[in-house]
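Letter by letter, the chains look like this.
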Amino acid sequence: MTIDWKLEQAQIEKAAKLGEQITRDAGIVAPPIDPFTLIRNEGKRIKAFGDDFGRDFDGRLEFQSPKFLLFYNTKYDEWPHDGQHHPKVLFTIGHELGHYFLEHHRNYLRSGGGAHGSMTEFQSGRLVEREADSFSSGLLMPKYLLGQIVNRNPPNMNLVKQARGQFEVSLTSMLVRWVQLCDFPCAVASIRSSAIEWGFCSPGFKRAGVFKVKRGAPVSSRTAQAFMGEDVSFSKFREGEGYSDVSHWVENDDLRFVVEEQYLVVPSTQQMLVLITADEDDIFNGRDSE
Ligand SMILES: [Zn+2]
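Residues numbered from 1 in each chain as written. Predicted model: local features only at pLDDT ≥ 70, side-chain atom pairs only at ≥ 80, totals over all residues. Heavy atoms only, no water.

Remarks on the pattern of salt bridges
Okay, step 1: Throughout the structure, instances matching the rule amount to nine salt bridges.
Okay, step 2: The salt bridge partner of E8 is R130, with a shortest N-O separation of 2.5 Å. On the criterion of sequence distance, the pair formed by E8 in helix α1 (residues 3–25) and R130 in helix α5 (residues 127–140) is long-range, its members being 122 residues apart.
Okay, step 3: Residue R60 is joined to E62 by a salt bridge in which the shortest nitrogen-to-oxygen separation is 2.8 Å.
Okay, step 4: The exposure class of E62 is buried, given its relative accessible area of 18%. (Salt bridge = Lys/Arg side-chain N within 4 Å of Asp/Glu carboxyl O. Helix = DSSP H or I, 4+ residues; strand = E, 2+ residues; numbered from the N terminus. Buried < 20%, exposed > 50% of the residue type's maximum accessible area, 1.4 Å probe, protein only.)

Here it is in structure tokens:
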């Protein structure tokens, strides 16, 4: 692993920890976490405005002395959801709070750095955006509330869906957070236009030397290709399962062992999510045969 990548990982983990700390300090002891509570706790230092901002941005934080203005796009409230706001809107508010609470983000804005429009939920590759996404994940799904649920049983999509309901977050952000907290070997990948858009490996996978999902690569697992082929538009919710060799998903070319795949299509974002799981015994047998 390169030093840059490790440093970035450390920054991103630090952002998630700060998000968790804010939720913990607010005295929240059960999900779901309402980010508006955290905004109210800041009193006059920050004020939030929701509106349909079309395609301009998901969220935006501006410093207008002496306070911060947090804008969030409510267009996603048109998507089906329970509660007042769609989880994507709440995640966006968490993301903007990241720009507010992360010291180097806040200092940048306070010192006259221009506000930027954020695209949230792992769509941006920029480090500050990934930090803000990670902060939001920590804030809405803190380890002290989610960690035990994640590590009670080997991961599967049904458990992730249950937790998503409890925490009232999007399935995408719950899957990512689940993998980030998981001691079992697993990974998540997001597929758009037949290619791997982004992905993450669990600490359980990292311990086995599997660090990175192949970003940008075309999907090469046959069972995943077949599932995609049933309806490439990703316009309807559907689920499926398959399996392949781990080398289809991760950057380690030297590893050979079977992984199980669980697929789920999210029509609102025209995205396919894949939960990739491995058996610890298979990983180490794969090593021995090298
Ligand atoms: Zn942002």
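Past the structure itself, the notes keep going.
Some remarks on the domain arrangement of the protein chain
Okay, step 1: As assigned here, the protein chain comprises domain 1 (3–140) and domain 2 (183–288).
Okay, step 2: For domain 1 and domain 2, the distance between their C-alpha centroids amounts to 28 Å.
Okay, step 3: Residue-level contacts link four residues of domain 1 with seven residues of domain 2.
Okay, step 4: In total, domain 1 and domain 2 occlude about 620 Å² of area from one another, counting both sides; carbon and sulfur atoms represent 67% of this.
Okay, step 5: The interface formed by domain 1 and domain 2 includes zero residue pairs in polar contact (both at pLDDT 80 or more).
Okay, step 6: Each residue belonging to the side of domain 1 that touches domain 2 can be placed in one class, and the counts come to three nonpolar, one polar and no charged. (Domains from an automatic or database assignment. Contact = heavy atoms within 4.5 Å. Buried area = accessible area lost by both parts, 1.4 Å probe. Polar contact = N/O pair within 3.5 Å; in protein donor to acceptor, adjacent residues only side chain to side chain. Nonpolar A, V, L, I, M, F, W, Y, C, P; charged D, E, K, R; others polar.)

Some words on the sheet that holds strand β3 (residues 67–73)
Okay, step 1: In spatial order, the strands read β1-β3-β2-β4; together these four strands make up an open sheet with mixed pairing. Each edge of the open sheet carries a strand with a single partner, namely β1 (46–51) and β4 (117–118).
Okay, step 2: Bridge analysis of β1 against β3 gives six bridges, and the strand direction is parallel. Paired with D51 across the two strands is N73, which belongs to β3.
Okay, step 3: In this fold helix α3 (residues 87–101) packs onto β1, β2 (59–64), β3 and β4, with an angle of close to 155° to the strand it touches most, β3. (Pairing = 2+ DSSP bridges. Axes fitted to C-alpha atoms, helices over the stretch in contact; angles between N-to-C directions.)

Some words on the packing of helix α6 (residues 143–152) against helix α8 (residues 171–181)
Okay, step 1: Viewed as axis vectors pointing N to C, α6 and α8 meet at an angle of 75°, and their least axial separation amounts to 9 Å. The orientation of α6 relative to α8 falls into the category roughly perpendicular. Two secondary-structure elements touch here, α6 through K143, L146, G147, I149, V150 and N151 and α8 through M174, R177, W178 and L181.
Okay, step 2: Its residues assigned to classes, the contact of α6 with α8 comprises six nonpolar, two polar and two charged. (Parallel < 35°, antiparallel > 145°, perpendicular 65-115°, else oblique.)

Re the packing of aromatic side chains
Okay, step 1: The final tally for this structure, using the stated rule, is 13 aromatic pairs.
Okay, step 2: When the centroid spacing of 4.8 Å and the interplanar angle of 65° are considered together, the rings of Y76 and W79 count as edge-to-face.
Okay, step 3: Geometrically, the ring pair formed by F205 and F257 is tilted, given 6.4 Å between the ring centres and 55° between the ring planes. Residue F205 is located in helix α9 (residues 203–207), and its partner F257 is located in the loop between β7 (239–245) and β8 (258–266); the two are separated by 52 residues in the primary sequence.
Okay, step 4: Three or more aromatic residues joined by ring pairs make a cluster, and in this case those are F63, F68, Y100, F101 and F135.
Okay, step 5: Directly above the ring of Y76 sits K88, whose terminal nitrogen or CZ lies 5.2 Å from the centroid.
Okay, step 6: Residue placement shows R238 over the ring face of F227; its charged tip is 4.2 Å from the ring centre. (Phe/Tyr/Trp six-rings, centres within 6.5 Å; stacked < 30°, edge-to-face > 60°. Lys NZ or Arg CZ within 6 Å of the ring centre and 35° of its normal.)

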